[in-house]
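Chain residues, written in single-letter form:
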Amino acid sequence: MAFPGQPAPGGGFYQGGYGGAPGGPAFPGQAQDPLYGYFAAVGGQDGQIDADELQRCLTQAGIAGAYKPFNLETCRLMISMLDRDMSGTLGFHEFKELWAVVSGWKQHFLSFDSDGSGTVDRQELEKALMNMGFRLSPQAVTAITRRYSTHGKITFDDYIACCVKLRALTECFRRRDTTQQGFVNFQYDDFIQCVMSI
Amino acid sequence: QGFPGAPPGGSYPGAPPYGGAPYGQPGSGPYGGPQPGPYGGAAPGGNVPPGVDPEAFSWFQAVDADHSGYISVKELKQALVNSNWSTFNDETCLLMINMFDKNRSGRIDVYGFSALLRFIQQWKNLFQQYDRDQSGSISFNELQQAFTQMGYNLSPQFSQLLLARYGQHSPSPSIQLDRFIHICMQLQSTTDAFREKDTALVGNVRLSYEDFLTMVVTRML
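What you see is a predicted model; the values in this text were computed from it and never measured.

**Topic: the nonpolar core**
Then, in step 1: Grouped together as the largest cluster of nonpolar side chains are 120 residues, with contacts concentrated most on Met78(A), Phe95(A), Leu129(A), Phe186(A), Phe180(B) and Phe212(B).
Then, in step 2: Apart from residues no more than four positions distant in its own chain, Phe95(A) is found in contact with Leu35(A), Phe39(A), Ile49(A), Leu54(A), Cys57(A), Leu58(A) and Leu90(A).

**Observations concerning the state of the cysteines**
Then, in step 1: What the rule picks out here adds up to one disulfide over all chains.
Then, in step 2: A sulfur-sulfur separation of 2.0 Å characterises the disulfide bridge that pairs Cys172(A) with Cys194(A). Residue Cys172(A) is found in helix H7 (residues 156-176), and its partner Cys194(A) is found in helix H8 (residues 188-196); the two are separated by 22 residues along the sequence. Neither residue differs from the other here; Cys172(A) and Cys194(A) are each classed as buried.
Then, in step 3: The thiol sulfur of Cys93(B) is not disulfide-bonded, and the nearest other cysteine sulfur, from Cys184(B), lies at 16 Å.

**Quick notes on the UniProt feature "domain: EF-hand" (unreviewed entry) in chain A**
Then, in step 1: Following the UniProt record, the feature "domain: EF-hand" (unreviewed entry) maps to residues 100-135 of chain A here.
Then, in step 2: The annotated region residues 100-135 of chain A carries 64% helix and 8% strand content, and the separation between its end C-alpha atoms amounts to 23 Å.

**Some remarks on the interface of chain B and chain A**
Then, in step 1: Tallying the contact residues gives 40 residues for chain B and 44 residues for chain A.
Then, in step 2: The contact between chain B and chain A buries some 3900 Å² in all, and 65% of this surface belongs to carbon and sulfur atoms.
Then, in step 3: Linking chain B to chain A there are 13 residue pairs in polar contact (both at pLDDT 80 or more).
Then, in step 4: Mapped onto the side of chain B that touches chain A, the elements with two or more residues apiece are helix H3 (90-100), helix H6 (156-166), helix H7 (177-197), strand E1 (204-208) and helix H8 (209-220) of chain B.
Then, in step 5: Ranked by residue count, the leading element in the side of chain B that touches chain A is H8(B), at ten residues.
Then, in step 6: Along the lines of polarity and charge, the residues of the side of chain B that touches chain A split into 22 nonpolar, twelve polar and six charged.
Then, in step 7: Of the strand pairs in this sheet, strand E3 (residues 183-187) of chain A and E1(B) are connected by five bridges, and their pairing is antiparallel.

**Thoughts on the pattern of salt bridges**
Then, in step 1: The final tally for this structure, using the stated rule, is eight salt bridges over all chains.
Then, in step 2: Where Glu73(A) meets Arg76(A), a salt bridge forms, and the shortest distance between an N and an O atom there is 3.4 Å. Taken together, the positions of Glu73(A) and Arg76(A), both in helix H3 (residues 72-82) and three residues apart, correspond to about one turn of that helix.
Then, in step 3: By relative accessible area, Glu73(A) is classed as buried at 12%.
Then, in step 4: Ionic pairing is found between Arg176(A) and Asp190(A), a salt bridge with its closest N-O pair at 2.6 Å. In this pair, Arg176(A) sits in helix H7 while Asp190(A) sits in helix H8, placing the two residues 14 residues apart along the sequence.
Then, in step 5: If you follow the salt bridges from partner to partner, you end up with Glu73(A), Arg76(A), Lys165(A), Glu91(B) and Arg179(B) in one network.

Definitions and cut-offs
- Residues numbered from 1 in each chain as written.
- Chains lettered and ligands numbered in written order.
- Predicted model: local features only at pLDDT ≥ 70, side-chain atom pairs only at ≥ 80, totals over all residues.
- Heavy atoms only, no water.
- Core = buried A, V, L, I, M, F, W, Y, C linked by side-chain atoms within 4.5 Å.
- Buried < 20%, exposed > 50% of the residue type's maximum accessible area, 1.4 Å probe, protein only.
- Contact = heavy atoms within 4.5 Å.
- Disulfide = S-S within 2.5 Å.
- Helix = DSSP H or I, 4+ residues; strand = E, 2+ residues; numbered from the N terminus.
- UniProt positions renumbered as here; feature names shortened; annotations may be inferred.
- Buried area = accessible area lost by both parts, 1.4 Å probe.
- Polar contact = N/O pair within 3.5 Å; in protein donor to acceptor, adjacent residues only side chain to side chain.
- Nonpolar A, V, L, I, M, F, W, Y, C, P; charged D, E, K, R; others polar.
- Pairing = 2+ DSSP bridges.
- Salt bridge = Lys/Arg side-chain N within 4 Å of Asp/Glu carboxyl O.

Written out as structure tokens, the structure reads:
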């Protein structure tokens, strides 16, 4: 079963899986990577960035474009989405993966933000999410719209937050769906951890 | 008054696999008590609405910066602080507005605010109870203890996860009041959602991808 949430072509998607790189460049060419500059500028000694640093990093690198910078909670969510070692921080490779995913979502958002206002309405949001492959029940769409819209509009920042949550939940589920049938047996403790780590 | 029930004072007996009912009163029905009436912003300082604590009233007036008669998430955030003087985080404020917002307007009136303050005070008392070393925040051990006393049966990894996610990045991360409230409320919601599906009470449920998404999205956002 194919799982949704992959960004549209053009956004790229690192099949990655590297851990965070401690300290300086871990392989030749990393230092020349333009993204490494932004990362290193905020990362500090340990080569890991936390939510505050990620917020600064993404703002400086211009991913939000003309839109206002990501709020801290969204940054925290993004870290938890890729934070494989549960450290609450991202290494450079995880950061690159994040960048690629968010770039994809940005392209996607832009294609639905027809008036370039930086917001989409409920219908556009539903279409955008369905287009990404998320099969959402009507109750789910209602809950999402209620949570993320202000005066009926959803901003880029909130759209990202929504995508991050949906993707993180999907990842959570997919990792446990060992037979790839679209069903998982959850133990209580595991379910709680899964859901509350989002 | 029908507002969400207070957190418990002690532990609950007879726990099924995932712990018993942690809290007394379920649900958050519309509040009874006196009708809100035309409070508006025009009332002079002296006229405390019936059923509202005078201190809560003056606090409300101070927080309701635009005198609209309602408090938004943003205004609420300014009013609530943790022991380390950080303002309550957005998520907790949103959760609280949703809980005490009778008509889904995204804001609360003076009655909602008054009830919210009582609710927070009860949580604060509980928080202070679990903060055994009175440090102002809850450590790993204290969090484990708190969950056990609330009747939950959860692994240490779970507490570890919460501290990594919500604690500060120090040698011994700990949780502030706002996150503690948020965590406990989400834990209750999630447990309720799980229990709804686990009709046989075996501590295990089989979920399709869509069911899983719907369950979580409708309860956790």
